[in-house]
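Summary of the model geometry
As a plain string of letters, each chain reads:
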Amino acid sequence: MDLQSLYYISPELSLVALSLVLIALDLIANLKKQITWIVLVGLILPLVFIAFLWVDVHDNELPNRIFFASLSLDHFALIFKALIILILFPIVLLSHQYSTNYSIFRVEYFSLILISAVGMMLLSSANDLITIYIALELTAIPIAALATFMREIRSVEAGMKFLILSAISSAILLYGLVLLYGYTGSVNLEIINSRILEIGQQNAVPFGSYALLLAIAMIVAGFGFKIAIVPFQMWAPDVYEGSPLPVTAFLSVASKAAGFAVILRVFNIAFTNQEFSQMSIDWSLIWGVLAVLSMTIGNIVAIRQTKIIRLMAYSSVAHAGYILIGVTAVSSRLVDDIGLGVSAATFYLIAYAATNIAAFSVIVSVSKLSSNGLIQEFSGLKNRSLTLSIVMAIAVLSLIGLPPSVGFIAKFYLFGSAISSGLEWLAVVGVLNSVVSAYYYLRILKYIFLSEPDDDEKIDIFSMKPVLISALISMGIIFVLGVFPGPILEIAEIAADALLLV
């Protein structure tokens, strides 16, 4: 391996190096109070490497496949790597004061987040079955440890549930990958695609083969757990509630982005072919059904929640269902090759990340006053902190999908991709579910602006500057992308072109 090869994975290597530097500094000097700022400065380096790689890839100066074709080096992978790094900035800011609850292990806390992010970045570019599985485990195991950092019964329970259910889902996924390897004789996604055509398909059988049907069913189940969609969402409420709030925010946005990145890559490269279009229609239908179930069940169950984190957990399930609309619409490439589904899903993930981080910034601030996590804690928040109230209101409007927020543009684009793909029924279900979600989202605003506060204690948001920075920047992104979405839409379309023109 030469220096050029190391350059190909320089964003991941720089995060690993940052994690090791944190541990070394902790052994040499007591820098726990400065650790947040060290991490924030360190995150600039992988962003710089991603920018250099973007230019080189754009100029066709780098190979599209690296390390024996196990990793892809394209705009799709680089966009998701950049998204994960950008998500890390507010997560680190939210962790600054929250991590005082476990100050002894503060360095380990940040190191685990960075290592998990490395796994997510590798997932976005993984191009063979072995790399996909290793990257998934590298993502999941640190999160299981992070979930227990509160060192309380519910926190330990959350970590154990995540670890056990993650292990079960990983076993199911691995069995599916092994079946796929046994059927095709290769772990490379592109070779798998060509081998499926060589073997020949039976048109009367879903996916043309019962072996392939079983393999894809297991792969869908394994990935379904990672992105928390129905019926694989059972872990989400308890893990979200028991984990430290910044970890919950990280899990709800970064993990979901990485999960959808690998799903889009696997199904568009391995299981999509012009000569056997029925296979694409088959897996598109599976994701469409799961999208309807996730949107509907996630929103209905969220209505009955009394705790804000559990509400956000089921909200996350519902939003995963919305994103699956884009995954389902990918079959449109068989008609006009515009990749509208991929770009719509990518843009929605970006919008959802900004919106959810804004909401969690407020939740982190309010949760410092009480530990029961009830939605009633937001009663009269406008009297305790007008700034937080405005941020939460904008985040809620974006989650519903109302203008001029980025959530409106994201849903408009997403539902439009379904209609363009001939999936009008799926777009209608998405719109109806958005209306249903307004009930429980607006209930939060009701408590904030119309209810009397249970406690008149003011929230000194300026004493929590890192949280305030995270909240204001996220709110700004929601507004800016809601009014000027063009540049990010172009980036999402570049991602789609990079993935679909393989």
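Let us look at the structure shown here. (Residues numbered from 1 in each chain as written. Predicted model: local features only at pLDDT ≥ 70, side-chain atom pairs only at ≥ 80, totals over all residues. Heavy atoms only, no water.)

Each helix and strand counted, the protein has 21 helices and 2 strands in total. The C-alpha radius of gyration computed for the protein amounts to 22 Å, which stays within 12% of the reference 23 Å derived for 502 residues, consistent with globular compactness. The principal-axis extent of the C-alpha atoms belonging to the protein is close to 70 × 55 × 45 Å. Out of the 502 residues in the protein, the part that is buried amounts to 61%. In the form shown here, the protein has an accessible surface area of approximately 18700 Å², with 69% of it arising from carbon and sulfur atoms. With 24 positive and 31 negative side-chain charges, the protein shows a spacing of 11 Å between the two charge centroids. (Helix = DSSP H or I, 4+ residues; strand = E, 2+ residues; numbered from the N terminus. Rg over C-alpha atoms; globule rule 2.2 N^0.38 Å. Buried < 20%, exposed > 50% of the residue type's maximum accessible area, 1.4 Å probe, protein only. Areas by Shrake-Rupley, 256 points an atom, 1.4 Å probe, with all protein chains shown as cover. Lys, Arg positive; Asp, Glu negative; His and termini not counted. Charge placed at Lys NZ, Arg CZ, Asp CG, Glu CD.)

What follows deals with the nonpolar core. Grouped together as the largest cluster of nonpolar side chains are 183 residues, with contacts concentrated most on Phe 223, Phe 267, Phe 271, Trp 287 and Phe 378. Ranked by residues supplied to this core, first place goes to helix H15 (residues 340–367) with 20 residues. For Phe 267, the contacting residues outside a window of four places in its chain are Ile 216, Ile 219, Val 220, Phe 223, Thr 272, Trp 283 and Trp 287. (Core = buried A, V, L, I, M, F, W, Y, C linked by side-chain atoms within 4.5 Å. Contact = heavy atoms within 4.5 Å.)

Attention shifts here to empty space enclosed by the protein. Counted according to the given criterion, the structure contains 2 cavities of 30 Å³ or more. When its volume is computed, the largest cavity comes out at roughly 110 Å³. Together, 14 residues line the largest cavity, and Leu 136, Thr 139, Ala 140, Lys 226 and Ser 255 are the ones closest to its centre. Partitioning the lining of the largest cavity into residue classes produces 10 nonpolar, 3 polar and 1 charged. Here the second largest cavity defines a volume of roughly 50 Å³. (1 Å grid on protein atoms, 1.4 Å probe; cavity = no way out; pocket = protein on both sides within 12 Å on 5 of 7 lines; lining within 4 Å. Points joined across faces, edges and corners; volume = space filled by probe spheres on them. Nonpolar A, V, L, I, M, F, W, Y, C, P; charged D, E, K, R; others polar.)

Time to look at the environment of Glu 157. Tracing the sequence through the fold places Glu 157 in helix H8 (residues 153–184). Considering only alpha carbons, one finds Glu 157 and Leu 62, 95 residues apart in sequence, at a separation of 46 Å.

Across all of its chains, the model carries 14 aromatic pairs by this definition. Ring geometry for Phe 76 versus Phe 80: centroids 4.9 Å apart, planes at 50°, classification tilted. With Phe 76 and Phe 80 both in helix H5 (residues 75–98), this residue pair falls 4 residues apart, about one helical turn. In terms of burial, Phe 76 and Phe 80 fall into one category: buried. Here the aromatic rings of Phe 267 and Trp 287 are separated by 5.4 Å at their centres, their planes lie at 80°, and the arrangement is edge-to-face. Separated by 20 residues along the polypeptide, Phe 267 in helix H12 (residues 245–269) and Trp 287 in helix H13 (residues 277–303) bring together distant segments of the chain. (Phe/Tyr/Trp six-rings, centres within 6.5 Å; stacked < 30°, edge-to-face > 60°.)

Right, let's talk about the pattern of salt bridges for a bit. A side chain of one charge can pair with a side chain of the opposite charge if their charged atoms are brought near each other. Tallied over the full model, the rule gives 8 salt bridges. Between Lys 307 and Glu 241 there is a salt bridge, with the nearest N and O atoms lying 3.0 Å from each other. Pair noted here: Lys 307 is in the loop between H13 and helix H14 (308–328) and Glu 241 is in helix H11 (residues 236–242), with a separation of 66 residues, a long-range link. Judged by relative accessible area, which is 28%, Lys 307 ranks as partly exposed. Put simply, Glu 157, Lys 161, Asp 238, Glu 241, Lys 307 and Arg 310 are held in one network by salt bridges that share partners. (Salt bridge = Lys/Arg side-chain N within 4 Å of Asp/Glu carboxyl O.)

Moving on, we come to the environment of Glu 493. With respect to the secondary-structure elements, Glu 493 resides in helix H21 (residues 486–500). For Glu 493, a relative accessible area of 39% corresponds to the partly exposed category. Distance from Glu 493 to Gly 341, taken between C-alpha atoms, is 9.7 Å for residues 152 residues apart in sequence. Glu 493 has contacts with Ser 343 and Tyr 413, leaving out every residue within four places of it along the chain.

Attention shifts here to the side chain of Arg 65. With respect to the secondary-structure elements, Arg 65 resides in strand E1 (residues 65–66). What makes Arg 65 buried here is its relative accessible area of 18%.

Before going further, it helps to spend a moment on a nonpolar patch on the surface. A grouping of Val 156, Met 160, Leu 163, Ile 164, Ile 168 and Ile 172 is seen on the molecular surface, where their side chains present a nonpolar patch of about 500 Å² in accessible area. Secondary-structure assignment places Met 160 in helix H8. (Patch = residues over 30% accessible without salt bridge, like charges linked within 9 Å, V, L, I, M, F, W, Y side chains within 5 Å.)

So, about H12. Taking 1.5 Å as the rise per residue, H12 with 25 residues should run 36 Å; its terminal C-alpha atoms sit 36 Å apart, in good agreement. Along its length, H12 shows its largest kink, about 30°, at Leu 251. (Expected span 1.5 Å × (residues − 1). Bend = angle between axes of the 7 residues up to and from the residue.)

The subject of this paragraph is the packing of helix H7 (residues 129–146) against H8. Relative orientation of the contacting elements H7 and H8 amounts to 175°, with a least axis distance of 10 Å. As far as their axial angle goes, H8 and H7 are roughly antiparallel. Residues Leu 129, Tyr 133, Leu 136, Glu 137, Ala 140, Ile 143 and Ala 144 of H7 form the contact with H8, whose own contacting residues are Gly 159, Phe 162, Leu 163, Ser 166, Ser 170, Leu 173, Leu 174, Leu 177, Leu 180 and Tyr 181. Broken down by class, the residue content of the contact of H7 with H8 amounts to 13 nonpolar, 3 polar and 1 charged. (Axes fitted to C-alpha atoms, helices over the stretch in contact; angles between N-to-C directions. Parallel < 35°, antiparallel > 145°, perpendicular 65-115°, else oblique.)

Below, the discussion takes up the environment of His 96. Among the structural elements, His 96 can be located in helix H5. The exposure class of His 96 is buried, given its relative accessible area of 15%. Sequence spacing of His 96 and Lys 446 is 350 residues, and the spatial spacing of their C-alpha atoms is 30 Å. Here His 96 is in contact with Lys 33, Thr 36, Trp 37, Arg 106 and Pro 466, once residues within four sequence places are set aside.

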